[in-house]
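# Secondary and tertiary structure notes
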Amino acid sequence: MKHLLITGSLLCATGLLAQEDMPTMWETKLEHRIEHTGTGTEERGYSYAASEKEITVFDNKTGATRWTGRFKDLAPRLNKVDELVPFWESNVLFLFDRKMGKDQIACLDMSDGRLLWATDKYQNVTDENVVYIPELDGFAISLKERLVWMMARTGEERWSTDKFKGVVGQYVVTGDNKLVMVNFVPGNLGALFSGYKNQIVRIDLTNGNILWENTYVGRAERKVISKEFLYDLDVVGDKVFLRMNGMQVYDLNTGANIYTAAFDYTPDKLVGAPAGAKKFGVYHAVADPVVVGDDLYVLDMSNKKSQYVKKYDKNSGKLLWTSPEIKEARAIPAMYVVGDRVLLQIGGNVEAQAYIYKREPDGQGGWRITEEWRIWHPNVKPNGIQAFSTADGSLAWESERFRKGITNAVVVGDQFIVCSGKELYSMDIATGAEKYAVPVSKGGLGLADQIMVYKDMIVVIGDKGVSTFNAKTGAPVAMGKYKKSDLEDFEGDRMILKTDKADIACFDLDDCTYKQFNARTGAITSMSTDGNFVYVYEKKNVTKVGTR
Amino acid sequence: MTINAGSIRLGRHSSPAVIATALAGLLTLASTAQDDGQEYRILKVGGTESIAGYLTSWIDVSPDGSTVGLSATQGFPYRLFPASDEAQVRTIDVGNWYAGSRARFSSTGRYILLQQLFYLDYAPNKDRPIKYEVVDVTTGKAVFSMDELYAAALTPDETTVVTLGKDGLHLVDLGSGKRRSTGLERMGNAVAVSTDGQRVAVAHKPTKAELEALTGLRNDKDALKNALKVGQLVTVYDLATLKPLYTLNELFDKIFRLEYSPDGQDLWIHAKPHTRKGGNPNPNQCYVSVADARTGAMRRTAFPSLAQYEPDFRISPDGKLFAIGSQGNKFMEVHLYERATGRMVDRFVLSYRLFEKMASKAEFPSDGRVSFVFLPDGRRMLMTFGNRLIEWTYAP
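Being a predicted model, the structure only gives us computed values, none of them experimental.

### Side note on the overall build of chain B
Across its full length, chain B carries five helices and 27 strands. For chain B, long-range pairs separated by at least 24 residues make up 47% of all intrachain contacts whose partners lie at least 6 apart in sequence. For chain B, the exposed surface amounts to about 18400 Å²; the carbon and sulfur share of it is 54%.

### Comments concerning the confidence of the model for chain A
Residue and element names in this part refer to chain A. For chain A, mean pLDDT is 88; residues scoring 70 or higher make up 95% of the total. Here helix H1 (residues 2-17) is the element of chain A with the lowest mean pLDDT, 46, and strand S29 (residues 334-338) is the one with the highest, 96. Ignoring residues within four places in sequence, the model shows residues 1-17, a span with pLDDT below 50, making 13 contacts including any to other chains.

### A word on the pattern of salt bridges
For the structure shown, the criterion picks out 61 salt bridges over all chains. For the salt bridge of Arg66(A) with Asp59(A), the shortest nitrogen-to-oxygen distance reads 3.9 Å. By relative accessible area, which is 42% here, Arg66(A) ends up partly exposed. A relative accessible area of 19% places Asp59(A) in the buried class. One salt bridge in this structure joins Arg179(B) and Asp167(B), with 3.3 Å as the shortest N-O distance. Separated by 12 residues along the polypeptide, Arg179(B) in strand S12 (residues 179-181) and Asp167(B) in the loop between strand S10 (160-165) and strand S11 (168-173) bring together distant segments of the chain. On the basis of relative accessible area, Arg179(B) is assigned to the partly exposed category, the value being 36%. Under the relative-accessibility criterion, Asp167(B) is labelled partly exposed at 39%. One salt-bridge network, in which partners are shared between bridges, spans Asp60(B), Arg102(B), Arg104(B), Arg257(B), Glu259(B), Glu310(B), Asp312(B) and Arg314(B).

### Considerations on the interface of chain B and chain A
Facing 26 residues of chain B, the contacting portion of chain A comprises 31 residues. Summed over both partners, the interface of chain B with chain A comes to about 2000 Å²; 40% of that surface belongs to carbon and sulfur atoms. Counting the contacts that link chain B with chain A gives four salt bridges. Of all the secondary-structure elements, those providing two or more residues to the side of chain B that touches chain A are helix H4 (221-230), strand S19 (286-292), strand S20 (298-305) and strand S24 (344-350) of chain B. A total of five residues in the side of chain B that touches chain A trace back to one element, the largest contributor, which is S20(B).

### Topic: the sheet that holds strand S27 (residues 388-393) of chain B
Residue and element names in this part refer to chain B. If you trace the four strands from one edge of the open sheet to the other, you get S1-S27-S26-S25, paired in antiparallel fashion. The strands lining the two open edges of the sheet, one partner per strand, are strand S1 (39-42) and strand S25 (372-374). Each strand of the sheet is rotated relative to its neighbour by a mean of 20°, with strand direction disregarded. With three bridges connecting them, S25 and strand S26 (residues 380-385) associate as antiparallel partners. Looking at S26, one finds that valine 373 is bridged to leucine 382.

### So, the nonpolar core
The biggest cluster of nonpolar side chains holds 27 residues, and the ones touching the most others in it are Tyr132(B), Val134(B), Phe144(B), Val161(B), Leu169(B), Val191(B) and Val200(B). Counting residues per element, the ones that place at least two in this core are strand S7 (111-116), strand S8 (130-136), strand S9 (142-154), S10, S11, strand S13 (188-193) and strand S14 (199-204) of chain B. With seven residues, S9(B) is the single largest residue contributor to this core. Among all residues touching Val191(B), those that are not within four sequence positions of it are Ala151(B), Ala152(B), Ala153(B), Val162(B), Leu164(B), Leu169(B), Val200(B), Ala201(B), Val202(B) and Leu258(B). Counting residues in hydrophobic clusters, the runner-up holds 19 residues, among them Val92(A), Phe96(A), Val125(A) and Ala152(A).

### Some points on the sheet that holds strand S5 (residues 90-92) of chain B
Sheet strands pair by backbone hydrogen bonding; their relative direction is either parallel or antiparallel. Residues and elements named next belong to chain B. In space, the four strands of this open sheet follow the order S2-S3-S4-S5, with antiparallel pairing throughout. Of all the strands in the sheet, the pair left with one neighbour each is strand S2 (56-61) and S5. Averaged over all pairs of adjacent strands, the angle between strand axes in this sheet comes to 20°, irrespective of strand direction. Of the pairings in the sheet, the one linking strand S4 (residues 78-82) to S5 comprises three bridges and is antiparallel in character. Of the residues in S5, the one forming a bridge with arginine 79 is threonine 91.

### Re the side chain of Ser528(A)
Residues and elements named next belong to chain A. Relative to the elements of secondary structure, serine 528 occurs in the loop between strand S47 (524-527) and strand S48 (533-538). Residue serine 528 is classed as buried on the basis of its relative accessible area, which comes to 4%. Those residues within four positions of serine 528 in sequence are excluded, and the remaining contacts are Glu42, Phe533 and Tyr535.

### So, unusual backbone geometry
Here the amide bond leading from Lys381(A) into Pro382(A) is cis, since omega sits at 0°, within 30 degrees of zero. Checked against the element boundaries, Pro382(A) lands in strand S33 (residues 379-389). At His284(A), a residue that is not glycine, the phi angle is positive and equals roughly 60°. Looking at the element boundaries, His284(A) is found in the loop between strand S23 (277-283) and strand S24 (290-292). Even without a glycine there, the phi angle at Leu242(B) is positive, about 60°. Counting through the fold element by element, Leu242(B) comes out in the loop between strand S15 (233-238) and strand S16 (244-247).

Rules used throughout
Residues numbered from 1 in each chain as written. Chains lettered and ligands numbered in written order. Predicted model: local features only at pLDDT ≥ 70, side-chain atom pairs only at ≥ 80, totals over all residues. Heavy atoms only, no water. Helix = DSSP H or I, 4+ residues; strand = E, 2+ residues; numbered from the N terminus. Contact = heavy atoms within 4.5 Å. Areas by Shrake-Rupley, 256 points an atom, 1.4 Å probe, with all protein chains shown as cover. pLDDT = per-residue confidence, 0-100. Salt bridge = Lys/Arg side-chain N within 4 Å of Asp/Glu carboxyl O. Buried < 20%, exposed > 50% of the residue type's maximum accessible area, 1.4 Å probe, protein only. Buried area = accessible area lost by both parts, 1.4 Å probe. Pairing = 2+ DSSP bridges. Axes fitted to C-alpha atoms, helices over the stretch in contact; angles between N-to-C directions. Core = buried A, V, L, I, M, F, W, Y, C linked by side-chain atoms within 4.5 Å.

Dropping the structure here:
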């Protein structure tokens, strides 16, 4: 143990000393400001940066400009661009110019800037109304009255239907040009779709025929900032599985609802909206259903006073058992099924997203407008850990340890590792017996925000840095202290933390050393998909820095 | 210019040739479009495809597999014919069953048990007492008849009819006609006698204490409240002592039928959710759940159906397949599942083939009900389809 501590201390000291700058691969100054960015993968080889009037597509390797131009030259009907949406899989850029009832849409080939098509036929279209379906190389555009199917490269309208209301959400291509899809109403367009109802349909994309139609329970949503779907659609054999507030299962051939194990749940008042929030959402307050073989485990949070875990037969929807009450749990963000135990993390970090718009007097008779797109992870109480038997749903064990706090929990082998913010606990999955408890907030890293698994280690992301611990023994492995920051991204052995002022540090998770880059306040950073580089977009500059 | 050119080309062929070509094309298209790859034929029962014009309501095959029995609507006779020769029909007058009857052979084939059917049920969520009758196959005489019953079953020794009515469970001796109360007065909707004659399964409304003992509900108060209103349970009794052996550890929707599998392995529970219970937009959706016939432990498989009427369900002679009647978008269907896994392996759509009415000039009415039997060869199945009988070779 003594040996471990010495090793740990030495590593920590190493971590504290290592503060190199991230190497600059290249830096490019553009002719225009940067308001829209899109970073292509290293394999693709190019990315773009655009203002509302100009765009530049640059080479990822050298930073050299591939092509650049003014939108009014590239697409003559466009003077400016209000929204720019890349569809990387089809290699096209959708450009929207809003002109009070004469909206213009244009589509550019991303690789060379060639205008593919332009139209003023469709009004009130935003990025949320357009879905690209790569399997058929076309766009489904949701309009007020109808759904239009258009070929991506030519802009040719193939068909339209008025039987599908709302916007195309998740979809699954089922072969023979047929698609199962779910509709939803984007928050800012609620009033647009009159007669909207929750629809799940199977449609023939060659002619727009609706093969079957059914309804679903709940509200299909996307996160307000990151736009990820909050539900999943999957086709397995002849069944369609819709994961939304639980599970809803339909017959692929007829559309009949085979069973429903879904519960309406609204995370009301879990987290207060920040002042000036125009869009706000709380996510991951209820763990997704877990499927193990033919078993389906679902959290029933529909009742505010008592909550339950329910086990169903995945194929028939037969209810196999209900757990005892989990009283007054406001959030159950994680559920794991390991061996013969169902493990629940009650309370802890949830995800909140907000678009904040503030208009304040600037003291000179004018107004100062600030916009913020914020994603953070507030903590929800009460906290606790409970384990149930997979055989009959009876309570196997529970821990009183975490009354004061939980960040999150992970499963490593036969251990359930839970972080309270100050300490890391390991418990035996079968019995709940404590294997170790180690402090994680010492050494100046502040309270832990989140834990993750990396190789055989637990990575603790603190308020001011990163530390790692041996998952089996709890022994500290390494530590790297940085400024107050949040997790921005991670890929492989690299993890980026970012401060409020857009400074970034890239940690090597093997030894917690890091390299840093001090960007300008408000800079946008984007990590490459291989984790080797970070693209930093600041005012007119694009800088590519290395993470190694 | 284009129109003229077209006229010239058409003018080169005679009108009958053009019409014949078009018809041939249409017929080819129709025949290929309607071909779903299934091997089937329409049986000529008593020498006719349309079985004398009336609707068959139920089909069964005798336990030895030698005789097929067909019950019919509108008081037409019960028809029997050898499984190997559908032309040799014998009839029995079984009285006036307006919408037909579900007719099943007893364990040796000596009797048939007939259960009244309805075309429409305006109160699908409520109990509806109906008529049951036991007919001697040899003499054609009714040896038992009773109205106002919710369910009835014949014991395997063919001596007793177990009845379930408003006054509970009774045993009726077929020989003497004597009716004996079992003391089990809880009202139920379905009853079944095990193939060894030792147990009787009864469906009934639950008590709060019974519901609280179910692991499916535990202390979920909302679920308990709902279950007390619309749920049902199945209790299995020892038929000799009439003592309860166990209650199945599952809450069911309204149970319409209980049946022990012919091989004595399973107890099948056919239930349908309350139409206003929600959660399922298709009001026809129902399930056959499966329990171990000996222990009462629930098996994981369940077989769904969208049939408009109470569906027929059976297992294949080797016990590996489970078939259930269902309803597709337009037509009735028979779904074949692997009995052990619940995986669907095939289905037969009972649709009209294009031009078949035109070819035979016959009427093919149907009441939206399908009944079927597996034939003992393990390859074929007979299905009722209105006034016709279809033989499907499901294992060609």
